[in-house]
Amino acid sequence: VIFASSNHAVGFYPRTTTIDTKVIPRPDSRYGVSKLFGEGIGALYAYKHGIGVTSLRIGNVNEEPIDKRRLSIMVSPRDLVKLIRIGLERPGLVYEVMYGVSDNTRSWYDNSHAVALGYAPEDNSEVHAARVLANEPPTGDPPSEHYQGGTFCGAEYSADFPSLKTKG
């Protein structure tokens with residue numbers, strides 16, 4: 001089983017932090033919580049019933065990133081297919097979590113576990129960086145700019161933002 005999870009399962013990490021798949025989940029929205037629930041169900045069935053499950057925390061599937069945030073989280077369709085194939089074809093997988101991102105220079109994710117499983121991404125969003133950054137308007141929303149989950153973090157945000165900056 002391939003479960004299409006999301007980067008929003010861990011969206012409340014600062015953009016200055018590189019995270020691997022073993023971090024404590026920090027969902028950025030009810031959507032992120034639903035993806036964590038799906039990952040949990042996948043793990044339950046994998047370990048309880050021997051069903052091979054791979055959860056892919058997908059960033060944004062596209063040939064080109066459309067904004068600054070997606071320079072870090074983009075996965076090209078062909079790289080996503082490679083990740084899916086690992087989950088479907090690699091013998092002995094029980095339960096795995098991988099980030100669905102290409103080999104992006106600005107990535108926030110340590111995807112070395114996926115590489116160890118055979119992932120060899122071909123694409124990197126950096127080739128589009130100059131154009132994307134030239135067209136990027138400022139949001140003026142500190143939480144959306146600070147956290148990896150972007151506007152999912154900023155929506156309904158009511159915490160004291162400056163105090164959270166030092167806590168990460």
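See the structure shown above.
The rules we used
Residues numbered from 1 in each chain as written. Predicted model: local features only at pLDDT ≥ 70, side-chain atom pairs only at ≥ 80, totals over all residues. Heavy atoms only, no water. Phe/Tyr/Trp six-rings, centres within 6.5 Å; stacked < 30°, edge-to-face > 60°. Helix = DSSP H or I, 4+ residues; strand = E, 2+ residues; numbered from the N terminus. Buried < 20%, exposed > 50% of the residue type's maximum accessible area, 1.4 Å probe, protein only. 1 Å grid on protein atoms, 1.4 Å probe; cavity = no way out; pocket = protein on both sides within 12 Å on 5 of 7 lines; lining within 4 Å. Points joined across faces, edges and corners; volume = space filled by probe spheres on them. Nonpolar A, V, L, I, M, F, W, Y, C, P; charged D, E, K, R; others polar. Patch = residues over 30% accessible without salt bridge, like charges linked within 9 Å, V, L, I, M, F, W, Y side chains within 5 Å. Areas by Shrake-Rupley, 256 points an atom, 1.4 Å probe, with all protein chains shown as cover. Salt bridge = Lys/Arg side-chain N within 4 Å of Asp/Glu carboxyl O.

Caption draft 1: Quick look at the packing of aromatic side chains. Inspection of every chain in the model, using the stated rule, returns seven aromatic pairs. When the ring of Tyr47 is compared with that of Tyr95, the centres are 6.2 Å apart and the planes differ by 55°; the resulting orientation is tilted. With Tyr47 in helix α1 (residues 30-49) and Tyr95 in strand β5 (residues 95-100), this residue pair connects regions lying 48 residues apart in the sequence. A relative accessible area of 57% means that Tyr47 is categorised as exposed. Where Tyr147 meets Tyr157, the ring centres are 6.4 Å apart and the plane angle is 40°; that geometry is what we call tilted. Of this pair, Tyr147 sits in the loop between α6 (142-146) and α7 (151-154) while Tyr157 sits in the loop between α7 and α8 (161-165), and the two are ten residues apart along the sequence. Clustering of aromatic rings is evident, with ring pairs tying together Phe12, Tyr147 and Tyr157.

Caption draft 2: Just the layout of surface pockets, in detail. For the largest pocket, the calculated volume is near 260 Å³. Surrounding the largest pocket, 18 residues form its lining, Asp67, Arg69, Arg70, Gly150 and Thr151 being those nearest its centre. Counting residues per element, the ones that place at least two in the lining of the largest pocket are α2 (68-73), α6 and α7. Take the lining of the largest pocket: its biggest share by element is four residues, from α2. The residue inventory of the lining of the largest pocket, partitioned by class, reads two nonpolar, nine polar and seven charged. By volume, the second largest pocket is sized at about 160 Å³. Mapped onto the lining of the second largest pocket, the elements with two or more residues apiece are β5 and α4 (112-116).

Caption draft 3: Examining a nonpolar patch on the surface more closely. A contiguous nonpolar patch, built from Val1, Phe37, Ile41, Leu44, Tyr45 and Ile51 and spanning about 560 Å² of accessible area, is present on the exposed surface. Among the structural elements, Tyr45 can be located in helix α1.

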